[in-house]
Amino acid sequence: MGTNDKNIKYGKIIPAVLLALIIFSSCINKNTGEETIINDNKDYFIEDEQNSAEESNLNNNDFSQSMDFPRVMYVNSPEGLRIRKAPSLDSAKIGIYLYGGRVIVYKQNDVPATIDGLTEYWYQTSHGYFEGKYYDSAWVFGGYLSEDLPLDVPVIFGLWEEENNNSIIYYFSPDNNYQEGLKESEWFNIGKWELNGDKLTLVTESGPYEKLHSPEIEEAKIFILNRNNIQLKFSDGTQVNLVRSEDPYISY
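In this report, we go over the structure that sits alongside the text. The model shown is predicted, which means the values in this text are computed figures rather than measured ones.

### Considering the overall build of the protein chain
So, point 1. Within the protein chain one finds zero helices and 20 strands.
So, point 2. Evaluated residue by residue, the protein chain yields a buried proportion of 45% over its 252 residues.
So, point 3. For the protein chain, the accessible surface area stands at approximately 14900 Å², while carbon and sulfur atoms represent 50% of it.

### Quick notes on the packing of aromatic side chains
So, point 1. With the rule as written, the count across this model stands at seven aromatic pairs.
So, point 2. In this structure an aromatic cluster arises from ring pairing among Phe 157, Tyr 170, Phe 172, Tyr 178 and Trp 193.

### Brief notes about the sheet that holds strand 16 (residues 187-196)
Within a sheet, each strand pairs with its neighbour through backbone hydrogen bonds, oriented either parallel or antiparallel.
So, point 1. Spatial strand order, 13-14-15-16-17-18-19-20: eight strands in a closed barrel with antiparallel pairing. Taking the axes of each pair of neighbouring strands and ignoring which way they run, one obtains an average angle of 35° across the sheet.
So, point 2. Where strand 14 (residues 165-172) meets strand 15 (residues 177-182), five bridges bridge the pair, whose relative direction is antiparallel. Residue pairing across strands places Ile 169 opposite Gly 181, the latter belonging to strand 15.

### Side note on the nonpolar core
So, point 1. If you look at the biggest cluster of nonpolar residues, it comprises 24 residues, and the most contacted ones within it are Phe 172, Trp 193 and Leu 232.
So, point 2. For this core, the elements supplying multiple residues, two or more each, are strand 2 (71-75), strand 14, strand 15, strand 17 (199-207), strand 18 (210-226), strand 19 (229-234) and strand 20 (239-244).
So, point 3. Those residues in contact with Leu 232 that lie beyond four places of it in its chain are Leu 200, Ala 220, Lys 221, Ile 222, Thr 238, Gln 239, Val 240 and Leu 242.
So, point 4. Grouped together as the second largest cluster of nonpolar side chains are 20 residues, Ile 94, Tyr 97, Ile 115 and Trp 122 included.

### Looking at the pairing of strand 16
So, point 1. Summarising the sheet, strand 15 and strand 16 pair through five bridges and their orientation is antiparallel. Within the sheet, the bridge partner assigned to Tyr 178 lies in strand 16 and is Gly 191.
So, point 2. Taking the residues between adjacent antiparallel strands as the criterion, strand 15 and strand 16 are bridged by four residues, where Glu 184 takes a positive phi near 60°.
So, point 3. Here strand 16 runs beside strand 17; their pairing, made up of seven bridges, is antiparallel. Opposite Ile 190, over in strand 17, you have Ser 206 as the bridge partner.

### Some thoughts on the pattern of salt bridges
Any two side chains of opposite charge can pair if their charged atoms end up close together.
So, point 1. Applying the stated rule across the entire model yields five salt bridges.
So, point 2. We note a salt bridge from Arg 71 to Glu 147, for which the minimum N-O separation is 3.3 Å. Of this pair, Arg 71 sits in strand 2 while Glu 147 is found in the loop between strand 12 (145-146) and strand 13 (158-162), placing the two residues 76 residues apart along the sequence.
So, point 3. For Glu 147, a relative accessible area of 45% gives the class partly exposed.
So, point 4. In this structure, the salt-bridge partner of Lys 183 is Asp 247, at a minimum N-O distance of 3.8 Å. Of this pair, Lys 183 sits in the loop between strand 15 and strand 16 while Asp 247 sits in the segment after strand 20, placing them 64 residues apart in sequence.
So, point 5. With a relative accessible area of 23%, Asp 247 lands in the partly exposed category.
So, point 6. Look at the salt bridges and you will find they share partners, linking Glu 161, Lys 183 and Asp 247 into a network.

Thresholds applied
Residues numbered from 1 in each chain as written. Predicted model: local features only at pLDDT ≥ 70, side-chain atom pairs only at ≥ 80, totals over all residues. Heavy atoms only, no water. Helix = DSSP H or I, 4+ residues; strand = E, 2+ residues; numbered from the N terminus. Buried < 20%, exposed > 50% of the residue type's maximum accessible area, 1.4 Å probe, protein only. Areas by Shrake-Rupley, 256 points an atom, 1.4 Å probe, with all protein chains shown as cover. Phe/Tyr/Trp six-rings, centres within 6.5 Å; stacked < 30°, edge-to-face > 60°. Pairing = 2+ DSSP bridges. Axes fitted to C-alpha atoms, helices over the stretch in contact; angles between N-to-C directions. Core = buried A, V, L, I, M, F, W, Y, C linked by side-chain atoms within 4.5 Å. Contact = heavy atoms within 4.5 Å. Salt bridge = Lys/Arg side-chain N within 4 Å of Asp/Glu carboxyl O.

Here is the structure:
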């Protein structure tokens, strides 16, 4: 599974460059100078129509955005963290982030809340599809988020970049899904991962833009150098050095 062996169509996004022409006048006036703990497994995706107006009723002045956002955080509650349509315990629950899950937060509300004895802000996370439905706003209580991956979850959780080629990225989620691809392009490998001791198995179910006729299985030995650096040695002799990515602009 060497990176030179993959037959991939890479799509690149090239940012546009804006030019501005500033013309100075020759005449200048001299005088101007949650309940966030999940206690059940049945109500993760509840669509409550009476809450549909919640977000529109929120005052935009109640939210703050600063240079600290967006940023990467991790779920530190073993029971998971509920995702809600608005920053309130009364808001409809639309999903869940699993323990150790990587979460990108974009802003926080101005007034902290105290829930389960914890005082923190509500954070708006990435929008998207939850159980087949699209939501343009998703909120979680920050009392169960941390800056670092919890110590008692597998180190492999999260987003990784190749050490010598950081355009190539790997994502290993807590629900054992994995994705592998290029920054600023469509993911090209999607499947499942399984870790038994130091043996990592990748079962690729979809390739570039299409589902494979039959899964492709690769095995690698994983070496944990530290919580932010790992090494994969595949059975074909390929070695991949990975560095944990805290890039908040990568979506998956």
